[in-house]
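# Residue-level structure breakdown
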Amino acid sequence: MSELRFDGRVVIVSGAGGGLGKAYSLFFAARGAKVVVNDLGSGLKGEGSSAAAADLVVAEIKKAGGEAVADYHNVLEGDKIVETAVNAFGRVDVVINNAGILRDKSFKSMTDKDWDDVFNVHLQGSYQITKAAWPIMRKQKFGRVIMTSSAAGIYGNFGQANYSAAKQALVGFSNSLAYEGHKYNIHVNAIAPLAASRMTETVMPQEILNALKPEFIAPVVGYLAHESTAQTGGLLEVGAGTITAHRWEGTAGVVFKADQSFTPTAVKARFDEICNFDGPVTYPTSIKDNDWVGKLEEARALATN
Ligand code: NAD
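Remember, predicted model here, so these are calculated numbers, not experimental data.

Parameters and conventions
- Residues numbered from 1 in each chain as written.
- Predicted model: local features only at pLDDT ≥ 70, side-chain atom pairs only at ≥ 80, totals over all residues.
- Helix = DSSP H or I, 4+ residues; strand = E, 2+ residues; numbered from the N terminus.
- Pairing = 2+ DSSP bridges.
- Axes fitted to C-alpha atoms, helices over the stretch in contact; angles between N-to-C directions.
- Contact = placed C-beta atoms within 7 Å.
- Parallel < 35°, antiparallel > 145°, perpendicular 65-115°, else oblique.
- Left-handed = near helix turned anticlockwise from the far one by under 90°.
- Nonpolar A, V, L, I, M, F, W, Y, C, P; charged D, E, K, R; others polar.
- Buried ≥ 20, exposed ≤ 12 C-beta atoms within 10 Å, placed from the backbone.
- Expected span 1.5 Å × (residues − 1).
- Bend = angle between axes of the 7 residues up to and from the residue.
- pLDDT = per-residue confidence, 0-100.
- UniProt positions renumbered as here; feature names shortened; annotations may be inferred.
- Core = buried A, V, L, I, M, F, W, Y, C linked by C-beta atoms within 7 Å.
- Near = placed C-beta within 6 Å.

### Quick word on the environment of phenylalanine 158
With respect to the helices and strands, the residue phenylalanine 158 is situated in the loop between helix H5 (151-155) and helix H6 (161-181). As for phenylalanine 158 and threonine 282, which are separated by 124 residues in sequence, their C-alpha atoms are 29 Å apart.

### Here we look at the sheet that holds strand S4 (residues 94-97)
Sheets are built from strands that pair by backbone hydrogen bonding, the pairs being arranged parallel or antiparallel. Taken in spatial order, the 8 strands of this open sheet run S3-S2-S1-S4-S5-S6-S7-S8, and their pairing is mixed. The sheet is open, and its two borders are formed by strand S3 (67-71) and strand S8 (242-245), each paired with just one other strand. Each strand of the sheet is rotated relative to its neighbour by a mean of 20°, with strand direction disregarded. Judged from the 5 bridges that link them, strand S2 (residues 34-38) and S3 form a sheet pairing that is parallel. Bridge pairing in S3 links valine 35 to alanine 68. The strands touched by helix H2 (residues 52-63) within the sheet are S2 and S3, with S3 carrying the most contacts at an inclination of about 175°.

### Considerations on the packing of helix H1 (residues 19-30) against H2
As a packed pair, H1 and H2 sit with axes 10 Å apart at the nearest point and diverge in direction by 25°. In this view, H1 runs roughly parallel relative to H2, as classed from their interaxial angle. Like other packed secondary-structure pairs, H1 and H2 cross with a definite hand, here right-handed. Residue-level contacts link Lys22, Ser25, Leu26 and Ala29 of H1 to Val57, Glu60 and Ile61 of H2. Grouping the constituent residues of the contact of H1 with H2 by class yields 4 nonpolar, 1 polar and 2 charged.

### What to know about the environment of asparagine 276
Note on placement: asparagine 276 falls in the loop between helix H10 (271-274) and strand S10 (281-282). The exposure class assigned to asparagine 276 is partly exposed, which follows from the 15 C-beta atoms found within 10 Å. Here the alpha-carbon distance between asparagine 276 and glycine 253, two residues 23 residues apart in the chain, equals 8.1 Å.

### Some remarks on helix H4 (residues 112-140)
With 29 residues, H4 should cover 42 Å at 1.5 Å per step; its first-to-last C-alpha distance of 40 Å lies within 8% of that length. At asparagine 120, H4 shows its strongest bend, of approximately 40°. Remark: lysine 141 follows H4 within two positions and exhibits a positive phi of approximately 50°.

### Remarks on the confidence of the model for the protein
Chain-level pLDDT for the protein is 95 on average; 100% of the residues reach the 70-or-more range. For this predicted complex, the interface score ipTM comes out at 0.99, alongside a pTM of 0.95.

### Looking at the UniProt feature "domain: Ketoreductase" (unreviewed entry) in the protein
When the UniProt feature table is mapped onto this chain numbering, "domain: Ketoreductase" (unreviewed entry) sits at residues 9-202. For the annotated span residues 9-202, helix accounts for 47% and strand for 17% of the residues, and the straight-line distance between the end C-alpha atoms is 36 Å.

### Side note on the pairing of strand S7 (residues 235-239)
When a strand is regular, its side chains alternate between the sheet's two faces. Taking burial as the measure, the 5 residues of S7 include 4 buried ones, the bulk of the element. Two strands pair when backbone bridges link them, and strand S6 (residues 186-194) and S7 are joined in this way by 5 bridges, in the parallel orientation. Within S7, the residue paired with proline 193 across the bridge is valine 238. Pairing of S7 with S8, which is carried by 4 bridges, proceeds in the antiparallel orientation. In the sheet register, leucine 236 faces S8, and the bridge partner there is alanine 245. Counting the residues that bridge the hairpin from S7 to S8 gives 2 residues, and of these alanine 240 lies at a positive phi of roughly 55°.

### A closer look at the nonpolar core
In a soluble, globular protein the nonpolar side chains are often hidden away together inside. Counting 72 residues, the largest nonpolar core has Val11, Ile12, Tyr24, Val35 and Val37 as its most contacted members. When residues of this core are assigned to their parent elements, the largest contribution, 8 residues, is made by H4. Ignoring any residue separated from it by four or fewer positions in sequence, one finds valine 11 in contact with Phe6, Phe28, Ala33, Val35, Asp93, Val94, Ile96 and Ala225.

### What to know about the site of the ligand
In the vicinity of the ligand, 32 residues are found, and the nearest of them are Gly15, Gly19, Gly100, Ser150 and Ser197. Of all the elements in the fold, those that place two or more residues in the shell around the ligand are H1, H4 and S6. Among the elements that make up the shell around the ligand, the one with the highest residue count is H1 (3 residues).

### Thoughts on the environment of asparagine 210
Note that asparagine 210 resides in helix H7 (residues 206-211). You can call asparagine 210 exposed: it has 11 C-beta atoms within 10 Å. In this structure the C-alpha to C-alpha distance between asparagine 210 and alanine 240, which are 30 residues apart in sequence, comes to 9.1 Å.

Listed below in structure tokens is the structure:
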């Protein structure tokens, strides 16, 4: 099987000065893409800035014979990052929204700034870059966008209310853009990666970190970004060489009589049944998959019987 290549494609990777973004940049450049290596060069909590991070990655790509340009803008200035791509390479084909920071704290101690800064980098930053690239992708009828979510966003995590809320928001953002991009051949997917980086090095033992190479995330990002890939609106959890796809599962549910008997006490009496995933289940894939009108008719029919 020949390797998927990206010759002629222009790929923007945000937060590409280290960790996962660096691995993606090297990966795409080695497969023929022209890469915009964006990084503000900030610390883990978003403090400070430096051009060195992006410059080093660009130098490594060039040394290996690849094409890349450094961009030092904050992701909040997404239009300027897209401008860098257009000025250097004339187009934008792929956006990997990857930049991120952490401000982990219990919700009780979290300040408004902790909340806003995390939302700004992850959600607002992904919005700003994608918003600027979107008209270009629509016009050329091609685009691939990847949002970086997190297991913390899917499941929640102690001390990460800000981060997990922003990461789950990126899933909804991704799913909506997948609908809007479809007819323009713009595919949008979200990944929840797990990899050794400065983000995880203090919270995991070294032997596990050794198995969680950022390079093990790049193949799925490469697949999702490729022109031959039809996948859109997906959420993939990926780490240590394993990729799993996620979808929603609902219980069959309970229909109550649509009359005065529908009270909290009635809900309490059947709550185990409502939450029973051992019985029949549903796998809704869109907002239209729940037949609320049919269910209301059923509830009304029960009430009149
Ligand atoms: P990292 O800290 O190594 O990389 C993040 C990069 O983003 C840094 O180089 C940083 O300078 C840059 N950055 C921060 N704020 C920026 C801004 N405003 N503008 C431009 N660049 C900015 O972390 P990583 O582990 O490589 O994380 C990459 C992405 O993956 C993040 O979105 C993170 O939340 C997500 N993620 C990582 C893991 C993991 O296990 N490493 C797990 C879940 C999600």
